[in-house]
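# Remarks on the overall topology
Here is how the chains run, residue by residue.
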Amino acid sequence: MRYAIYFSPAPYDPLTSTASEWLGRDAFAGETRDVPASLSLSAGQWRELVAEPRRYGFHATLKAPFELREGRTEAELIDAFDRFAASAEVLEIPRVVIGQLGPFFALVPHALHPPLQAFAASVVRDFEPFRAPLSDADMARRKPERLTAAQRAHLMTWGYPYVMEEFRFHMTLTGPVDPALAPSVEEELQQRFSSCTNVPLTLDGLALFVERSRGEPFTIHRWRPLGRENANRKTFP
């Protein structure tokens, strides 16, 4: 079993509904969905585009998937997760847009947002005591020979190369996109997510995701609002 700490909008947030329809899967309910309505792409193109992100569920990575360190328990992780969420402050990304990171599309901040960078770094550091060291196979999957020196150092230290100054907040919407198809995919995403883009995005909760066994879809095990003043808000589960 692996765990991950991600940002996810609340289960009742309109962005969650829009993203779940696009990806064809709701990570809160663990339910898959059919081809979205009013799709400008073919069903086959859509299935290929969302095959990878739908397994992970709609999210932004903060603490990448990890196995529990020997001697640590899920109950301890949940307790730490709840305490961290209660002590963290809600923050707002001033503006999010549909962007392309390498070959894939994602919902991203319009510009680097230092408070967000600091928050992400605090998640990485605070939950590091729960992370088991990477196996040789997991290390190899990250293809360290293709990483920068800084990214390799982060991989060795934190188990993930894209943390600290290398962190870029993104909520993945597609797998790799063929350059010839990219304009059509971007147009589809701009239309589908029009009500959620070019506006602020409030980070007001954290999700603890689980992968029951390697290769299975990730589901949301626990969602908690940020801040003690929000402790009585609806949570999941």
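Details of the structure are given in the entry above.
First things first, this report covers the structure right here in the doc. (Residues numbered from 1 in each chain as written. Predicted model: local features only at pLDDT ≥ 70, side-chain atom pairs only at ≥ 80, totals over all residues. Heavy atoms only, no water.)

## Points about the nonpolar core
Trp 22, Phe 119, Phe 127, Phe 169 and Leu 201 are the most contacted members of the largest nonpolar core, which totals 51 residues. A per-element tally of this core places helix α3 (residues 74–87) first, with six residues. Contacts of Phe 127, omitting those with residues within four sequence positions, involve Ile 5, Lys 63, Leu 77, Ala 80, Phe 81 and Phe 84. By size, the runner-up hydrophobic cluster in this structure holds ten residues, among which are Tyr 6, Ala 10, Ile 220 and Trp 223. (Core = buried A, V, L, I, M, F, W, Y, C linked by side-chain atoms within 4.5 Å. Buried < 20%, exposed > 50% of the residue type's maximum accessible area, 1.4 Å probe, protein only. Helix = DSSP H or I, 4+ residues; strand = E, 2+ residues; numbered from the N terminus. Contact = heavy atoms within 4.5 Å.)

## With respect to unusual backbone geometry
The phi torsion at Ser 38 lies on the positive side, around 55°, for a residue other than glycine. Tracing the backbone shows Ser 38 in the loop between β3 (31–32) and α2 (43–56). At Lys 143, a position not held by glycine, the phi torsion is positive, near 50°. Residue Lys 143 is classed as partly exposed on the basis of its relative accessible area of 36%.

## Some points on the packing of aromatic side chains
Tallied over the full model, the rule gives eight aromatic pairs. On the numbers, 5.7 Å between centres and 85° between planes, the contact of Tyr 160 with Tyr 162 is edge-to-face. On the basis of relative accessibility, which here comes to 13%, the residue Tyr 160 falls in the buried class. Counting every residue linked through ring pairs, the aromatic cluster contains Phe 84, Phe 119, Phe 127 and Phe 130. Lying across the ring of Tyr 56, Arg 55 places its NZ or CZ 4.6 Å from the centre. (Phe/Tyr/Trp six-rings, centres within 6.5 Å; stacked < 30°, edge-to-face > 60°. Lys NZ or Arg CZ within 6 Å of the ring centre and 35° of its normal.)

## Some details on the environment of Met 1
If you trace the backbone, Met 1 turns up in the segment before β1 (2–7). For Met 1, a relative accessible area of 39% corresponds to the partly exposed category. In this structure the C-alpha to C-alpha distance between Met 1 and Arg 214, which are 213 residues apart in sequence, comes to 7.1 Å. Leaving out residues up to four positions away in the same chain, Met 1 has contacts with Phe 66, Glu 67, Glu 74, Glu 211 and Arg 212.

## Quick word on α2
An ideal rise of 1.5 Å per residue puts 20 Å on 14 residues; α2 measures up with 20 Å between its terminal C-alpha atoms. The largest bend in α2 is about 50°, located at Val 50, with the proline Pro 53 one to four residues further on. Of all the residues in α2, the buried ones are Trp 46, Leu 49, Val 50, Pro 53 and Arg 54. Looking at the buried residues of α2, the elements they touch are α1 (14–23), β2 (25–26), β3, β7 (171–172) and α7 (182–192). Two residues or fewer after α2 comes Gly 57, characterised by a positive phi angle close to 80°. (Expected span 1.5 Å × (residues − 1). Bend = angle between axes of the 7 residues up to and from the residue.)

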